[in-house]
Amino acid sequence: MKRTVACNEGLEFAFDPASTALLSIDFQRDFCDPDGFCAQYPGGIESTSAILPRAIRVLAASRAGGLHIVHTREGYLPDLADVNPMKRARGVVGSPGPLGPFLLRGTEGQRTIDAMAPLAGEPEYDKPGYSAFHATTLDADLRARGITHLVLMGVTTQCCVHSTLRSAVDLGYWCLTIEDCCAALRPDWHKGAIDLIYSENHLFGWVAKADALTGALQARAA
């Protein structure tokens, strides 16, 4: 049964929960935890931690509403074999952090925070890049399940969320971004990334607030 979400700009996003997946993008300790890597910089995790109560509600409502739940983490091999030359030259991946080398798979900092962690049976993709579709089986796995529509939330808005969104649009998915369940380390980066979705007659899909989505999902459950 199709549901409709009221979106920004007076638009509506129609979806069938049976063919829709929630992408919960990179809610990792280094991005969201006060002990994580990003907390050491000015502004720290103030923006990313602020969205967690809403993201937790969206995740719970999506589970109850029958969406396919997908989790992602940015992470690279411990020997850096999957770090491309440009990223290796920047020296960010693998740099020392309070929870282990930054973005290396298996470190405590790369782990998804407990409140957003997968339940049994929910896939979690480790991606050696920004887009969740880069060097993963995500597209093939979604198509095998008949998924045509995606709901995106996560961190950071201008990087991994937007990279995943752009890939998804190129691959033909109908995409809804949950504005207040995404964050960047700077609010202006977040706003700029959200504004780009609207460009050229919502070129990169639809945007809505958490309450609009949870309301649609809860109406289905009722």
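Parameters at a glance
Residues numbered from 1 in each chain as written. Predicted model: local features only at pLDDT ≥ 70, side-chain atom pairs only at ≥ 80, totals over all residues. Heavy atoms only, no water. Helix = DSSP H or I, 4+ residues; strand = E, 2+ residues; numbered from the N terminus. Rg over C-alpha atoms; globule rule 2.2 N^0.38 Å. Buried < 20%, exposed > 50% of the residue type's maximum accessible area, 1.4 Å probe, protein only. Areas by Shrake-Rupley, 256 points an atom, 1.4 Å probe, with all protein chains shown as cover. Lys, Arg positive; Asp, Glu negative; His and termini not counted. Charge placed at Lys NZ, Arg CZ, Asp CG, Glu CD. Expected span 1.5 Å × (residues − 1). Bend = angle between axes of the 7 residues up to and from the residue. Contact = heavy atoms within 4.5 Å. Pairing = 2+ DSSP bridges. Axes fitted to C-alpha atoms, helices over the stretch in contact; angles between N-to-C directions. Salt bridge = Lys/Arg side-chain N within 4 Å of Asp/Glu carboxyl O.

This next bit is on the overall build of the protein. The helix and strand tally for the protein stands at eight helices and eight strands. Expected size for 222 residues packed as a compact globule is a radius of gyration near 17 Å; at 17 Å, the protein falls within 12% of this value. Sorting the 222 residues of the protein into buried and exposed places 51% on the buried side. Surface summary for the protein: the accessible area is close to 9,700 Å², and the carbon and sulfur share equals 55%. Averaged over its 20 positive side-chain charges, the protein has a centre that lies 2 Å from the centre of its 25 negative ones.

An ideal rise of 1.5 Å per residue puts 22 Å on 16 residues; helix α7 (residues 187-202) measures up with 21 Å between its terminal C-alpha atoms. Along its length, α7 shows its largest kink, about 25 degrees, at D195. All of the buried residues along α7 are H190, A193, I194, I197 and H202. Along its buried surface, α7 packs onto α6 (157-171), β7 (174-183) and β8 (206-208).

Turning next to α6. Taking 1.5 Å per residue as the helical rise, α6 with its 15 residues ought to reach 21 Å, and the 20 Å between its terminal C-alpha atoms agrees with that figure. Those residues of α6 not exposed but buried are T157, C159, C160, V161, H162, T164, L165 and A168. If you follow the buried residues of α6, they end up packed against β3 (20-25), β4 (68-74), β5 (124-127), β6 (149-155), β7 and α7.

On to the environment of A64, then. Within the secondary structure, A64 sits in helix α3 (residues 52-64). It is 8.0 Å that separates the C-alpha atoms of A64 and Q218, two residues lying 154 residues apart in sequence.

Sheet architecture is open: six strands sit in the order β5-β4-β3-β6-β7-β8, paired in parallel fashion. Of all the strands in the sheet, the pair left with one neighbour each is β5 and β8. When strand polarity is set aside, the average angle formed by the axes of neighbouring strands in this sheet is 25 degrees. Bridging between β3 and β6 involves six bridges; their strand directions are parallel. Counterpart to L23 in the pairing with β6 is L152.

Here we come to the pattern of salt bridges. Close approach of charged atoms allows side chains of opposite charge to pair. Under the counting rule described, the total for this entry stands at 13 salt bridges. Salt-bridge contacts for D180 lead to R54; the nearest nitrogen and oxygen are separated by 3.7 Å. Residue D180 is found in strand β7, and its partner R54 is found in helix α3; the two are separated by 126 residues along the sequence. Between D82 and R105 there is a salt bridge, and its shortest N-O distance comes to 3.7 Å. Of this pair, D82 sits in the loop between β4 and α4 (85-90) while R105 sits in the loop between α4 and β5, and the two are 23 residues apart along the sequence.

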